[in-house]
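If you want the building blocks of each chain, they are given just below.
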Amino acid sequence: AQTVTQSQPEMSVQEAETVTLSCTYDTSESDYYLFWYKQPPSRQMILVIRQEAYKQQNATENRFSVNFQKAAKSFSLKISDSQLGDAAMYFCAYKGSSGDKLTFGTGTRLAVRP
Amino acid sequence: AAGVIQSPRHLIKEKRETATLKCYPIPRHDTVYWYQQGPGQDPQFLISFYEKMQSDKGSIPDRFSAQQFSDYHSELNMSSLELGDSALYFCASSFRGNTIYFGEGSWLTVV
């Protein structure tokens, strides 16, 4: 079974600074998808960024980018120019190509200091 | 752009009662998922449907059942409710197993 590990329960960043959230996963599949979801206090689950395992290029969405290391099974999220609205719980998630569902990590709560 | 629609957004039920949650996926999406998120926890997969057929099953109690209808909307039925069923229930959808998009969730409180 696939597992996703987020080893940082909480992180803090100064507004306008950069922060990196860590995620590792375990799988025997070679083709899969990885995601970062943001869950603000409203508890909505918002897609931040996605990465296909077969793509070597790291995904980027505006201030959000990932560092995907397939051999190391690592998938970290970098948030640049942090804003107060970035404060939320961030979940790393895995989805196999053959499997259907998302498997989530336990989340990292990000605080942004003004 | 259309999103996943869930109803009701909030629901309060007493123990041993029954609750039904509804989900309308993004148009043309062929897969619907149900997740349960307890307080301070990550979302746990319950069940999924692909083209109206059950495609995968997770940690869904026997007291819960779900189905997807001909118009692709889905319903999660929860019977003999227990206090521990109090949670945020997400419905999500995807097209061809691609990116999964979540609804805003339905808050169930069992008293």
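As a starting point, this report considers the structure included with it. (Residues numbered from 1 in each chain as written. Chains lettered and ligands numbered in written order. Predicted model: local features only at pLDDT ≥ 70, side-chain atom pairs only at ≥ 80, totals over all residues. Heavy atoms only, no water.)

## Points about the state of the cysteines
Spelled out, the test is: Any two cysteine sulfur atoms lying within 2.5 Å of each other are counted as a disulfide. Every helix listed is a DSSP run of H or I at least four residues long, and every strand listed is a run of E at least two residues long, numbered separately from the N terminus. Three labels apply to residues, based on accessible area from a 1.4 Å probe with only protein chains included: buried if under 20% of the type maximum, exposed if over 50%, partly exposed otherwise in between.
In this structure the tally under the stated criterion is 2 disulfides over all chains. Between the sulfur of Cys23 of chain A and that of Cys92 of chain A lies a disulfide, 2.0 Å long from S to S. Between Cys23 of chain A and Cys92 of chain A, the S-S torsion sits near -70 degrees, and that sign places the bridge as left-handed. Highlighted residues: Cys23 of chain A in the loop between strand 3 (19–21) and strand 4 (24–26) and Cys92 of chain A in strand 10 (residues 88–96), separated in sequence by 69 residues. Per residue, the accessibility class of Cys23 of chain A equals that of Cys92 of chain A, and both read buried. In this model, Cys23 of chain B is linked to Cys91 of chain B through a disulfide, with the two sulfur atoms separated by 1.8 Å.

## Quick notes on the interface of chain A and chain B
For the record, the criterion: Here a residue-residue contact requires only that any non-hydrogen atoms of the pair lie within 4.5 Å. Buried area, as used here, totals the accessible surface that two parts lose on assembly, with accessibility defined by a 1.4 Å probe and the loss added over both. Think of a salt bridge as a Lys or Arg side-chain nitrogen and an Asp or Glu carboxyl oxygen that are within 4 Å of each other. The term polar contact refers here to a pair of N or O atoms within 3.5 Å; inside protein, the definition further demands a hydrogen-donor-capable atom paired with an acceptor-capable atom, and it admits residues adjacent in sequence only when both atoms are side-chain atoms. Ten residue types, Ala, Val, Leu, Ile, Met, Phe, Trp, Tyr, Cys and Pro, are classed as nonpolar, four, Asp, Glu, Lys and Arg, as charged, and the remainder, Gly among them, as polar.
The interface of chain A with chain B comprises 17 residues on the first partner and 22 residues on the second. With both sides pooled, the region where chain A packs onto chain B buries about 1700 Å², and carbon together with sulfur makes up 55% of that total. As a salt-bridge pair, Asp56 of chain B and Lys101 of chain A come within 3.4 Å of each other at their nearest N and O atoms. The interface formed by chain A and chain B holds 6 residue pairs in polar contact (both at pLDDT 80 or more) in total. Only strand 5 (32–39), strand 6 (46–52) and strand 10 of chain A provide two or more residues apiece to the side of chain A that touches chain B. When residues of the side of chain A that touches chain B are assigned to their parent elements, the largest contribution, 4 residues, is made by strand 5 of chain A. Per-class residue counts for the side of chain A that touches chain B are 8 nonpolar, 4 polar and 5 charged.

## Section: unusual backbone geometry
All names here are of chain B. In this structure, the amide linkage connecting Ser7 to the following residue, Pro8, adopts the cis form with an omega of -10 degrees. A positive phi angle, near 50 degrees, is found at Glu51, a position not held by glycine. By the element assignment, Glu51 lies in the loop between strand 5 (44–50) and strand 6 (53–57). For Lys52, which is not glycine, the phi torsion reads 75 degrees and is therefore positive. Position of Lys52 among the secondary structure elements: in the loop between strand 5 and strand 6. Overall, the relative accessible area of 33% leaves Lys52 in the partly exposed class.

## Description of the nonpolar core
Stated formally: Here, nonpolar core refers to any group of buried Ala, Val, Leu, Ile, Met, Phe, Trp, Tyr and Cys residues whose side-chain atoms link them within 4.5 Å.
Among the nonpolar cores identified, the biggest contains 25 residues, and Tyr25, Trp36, Phe75, Leu77 and Tyr90 of chain A are the most heavily contacted of them. Of all the secondary-structure elements, those providing two or more residues to this core are strand 3, strand 5, strand 6, strand 8 (64–69), strand 9 (74–79), strand 10 and strand 12 (108–113) of chain A. Among the elements that make up this core, the one with the highest residue count is strand 10 of chain A (4 residues). Setting aside its immediate chain neighbours within four residues, Phe75 of chain A contacts Cys23, Tyr25, Leu34, Phe35, Trp36, Gln51, Val66, Asn67, Phe68 and Cys92 of chain A. Counting residues in hydrophobic clusters, the runner-up holds 22 residues, among them Trp34, Phe64, Ala87 and Cys91 of chain B.

These figures come from the coordinates and say nothing about function on their own.
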